[in-house]
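Summary of the model geometry
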Amino acid sequence: MKNKKLGRNIMVLAIFLAFMGMGVVDPILPDIARKLGANHWQVEMLFSAYILMMAFMMLPAGVLATKYGDKVIMVSGLGLVSVFATLCALSNSIFEISLFRAGWGFSNAMFFSTALVILIALSHEYQKAVSLFEGAIGFGISAGPLLGGLLGNHSWRYPFLATGALTLIAFIAVILFVKIPKAQDKRKSISLADLKALFSNKKFILISISAMLYFYGFIVVLAYSPLVVNLNPIEIGLLFFGWGLALACGSIIISTKLEKMYKVKQIIPVSVFIFSMILLCIMGTNSKSLMIMLIILSGLLSGINNSLLTSYVMEINFEKNIISGGFNFLRWMGAACAPIISGYIAGVTNNMQLPFLIAALLSLISCLLLFKLRVAK
């Protein structure tokens, strides 16, 4: 019992540290652009390369986990994250950093595709495991910009070095203290027939496509808005620390309370709709202080949405690791497109606000799909 609790706590810490890497570049994007002479779409490749590789590797990583075991794949991913983060710090061009960020995304897929399954195995309640998972992601994403801002004020290389060192600590802790129950250490192998059956499931497809469209907007806030809000690295770090705290609050506290009072399918269309309205407000404001408040508020809605969408898709009667791999592949594909498309659109149109409008419209389509699923019998 104590070993399970310790293992669960270590897993939450590892998820937290692993996902710091997603937001650690936020405050240093403007500085990297200036120091390395990159334009908006080039610097946004630091996000897109990372997320795109992570999305593509979700299913292959799941297949490897069924063959070699969740823990082996997870700790391998953590170790490689530490290596690629350090290589980013030693890079001297946007191309090199983007290449190593892609390797970082590959490594994170190995971790991400197994972490939730392990956390569920170490927890008494399935919904509690999902809340801890999404909450740890939220706290990790919030701590990343804070770390990036504080260290990036001295050099853009320091946040990468710090992330590499902290992930190495998580790597060692997981090896030593996380013990997975033997009955759950190996999972059902993923076959082409399984994937065909999953992607033929109407509920799975509607939820996952909705998540893909919504996640586009989620990443626009995280990856693109630092280029618009016009703050220094420390200020951006503090802003997204507040955003991430709101995200974690939405994931752990508010979504849990909402699930006790309502069915997920009743809540999620409404929360995604409110998120889309916030994006429209961000697009329409010229006030820096109001934009800051709206970004933090979007974090609260994102925390609720992320947790509820994960719970919603996991309700489907199917092998959980196969659902997790397919769902994460689709939702992160939407996220991967957001940074580079936003940077390109802003550069071509010379309109820095337009990417928020596109994100809002995609979230509205997501809302409509979720509402359709809600009214379906």
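Preceding this section is the structure that the text describes.
Residues numbered from 1 in each chain as written. Predicted model: local features only at pLDDT ≥ 70, side-chain atom pairs only at ≥ 80, totals over all residues. Heavy atoms only, no water.

**Digging into the pattern of salt bridges**
- Using the criterion set out here, one finds 1 salt bridge in the structure.
- Notably, a salt bridge pairs glutamate 315 with lysine 203, separated by 3.9 Å at the nearest N-O pair. Placement of the pair is glutamate 315 in the loop between α13 (288-314) and α14 (320-349) and lysine 203 in helix α10 (residues 202-224), with a sequence separation of 112 residues. (Salt bridge = Lys/Arg side-chain N within 4 Å of Asp/Glu carboxyl O. Helix = DSSP H or I, 4+ residues; strand = E, 2+ residues; numbered from the N terminus.)

**Describing empty space enclosed by the protein**
- Within the structure shown, the criterion is met by 1 cavity of 30 Å³ or more.
- Put simply, the largest cavity is a space of about 40 Å³.
- Counting only elements with at least two residues in the lining of the largest cavity, the list comes to α7 (126-152), α10 and α14.
- The dominant element in the lining of the largest cavity, judged by the number of residues it contributes, is α7, at 3 residues.
- Each residue belonging to the lining of the largest cavity can be placed in one class, and the counts come to 5 nonpolar, 1 polar and 2 charged. (1 Å grid on protein atoms, 1.4 Å probe; cavity = no way out; pocket = protein on both sides within 12 Å on 5 of 7 lines; lining within 4 Å. Points joined across faces, edges and corners; volume = space filled by probe spheres on them. Nonpolar A, V, L, I, M, F, W, Y, C, P; charged D, E, K, R; others polar.)

**What to know about the nonpolar core**
- Counting 124 residues, the largest nonpolar core has Ile15, Met22, Phe160, Ile219 and Trp332 as its most contacted members.
- Among the elements that line this core, the one with the most residues is α10, at 14 residues. (Core = buried A, V, L, I, M, F, W, Y, C linked by side-chain atoms within 4.5 Å. Buried < 20%, exposed > 50% of the residue type's maximum accessible area, 1.4 Å probe, protein only.)

**What about the environment of leucine 362?**
- Position of leucine 362 among the secondary structure elements: in helix α15 (residues 354-375).
- Each C-alpha atom of the pair leucine 362 and isoleucine 180 lies 39 Å from the other, and the pair is 182 residues apart in sequence.
- Leucine 362 has contacts with Leu213 and Tyr216, leaving out every residue within four places of it along the chain. (Contact = heavy atoms within 4.5 Å.)

**A few points about the packing of helix α4 (residues 58-68) against helix α5 (residues 70-89)**
- Across the interface, α4 lies against α5 with an axial gap of 6 Å and an inter-helix angle of 130 degrees. One finds that α4 runs oblique with respect to α5. Residue-level contacts link Ala61, Leu64, Ala65 and Tyr68 of α4 to Asp70, Val72 and Ile73 of α5.
- Counted by class, the contact of α4 with α5 contains 6 nonpolar, no polar and 1 charged residues. (Axes fitted to C-alpha atoms, helices over the stretch in contact; angles between N-to-C directions. Parallel < 35°, antiparallel > 145°, perpendicular 65-115°, else oblique.)

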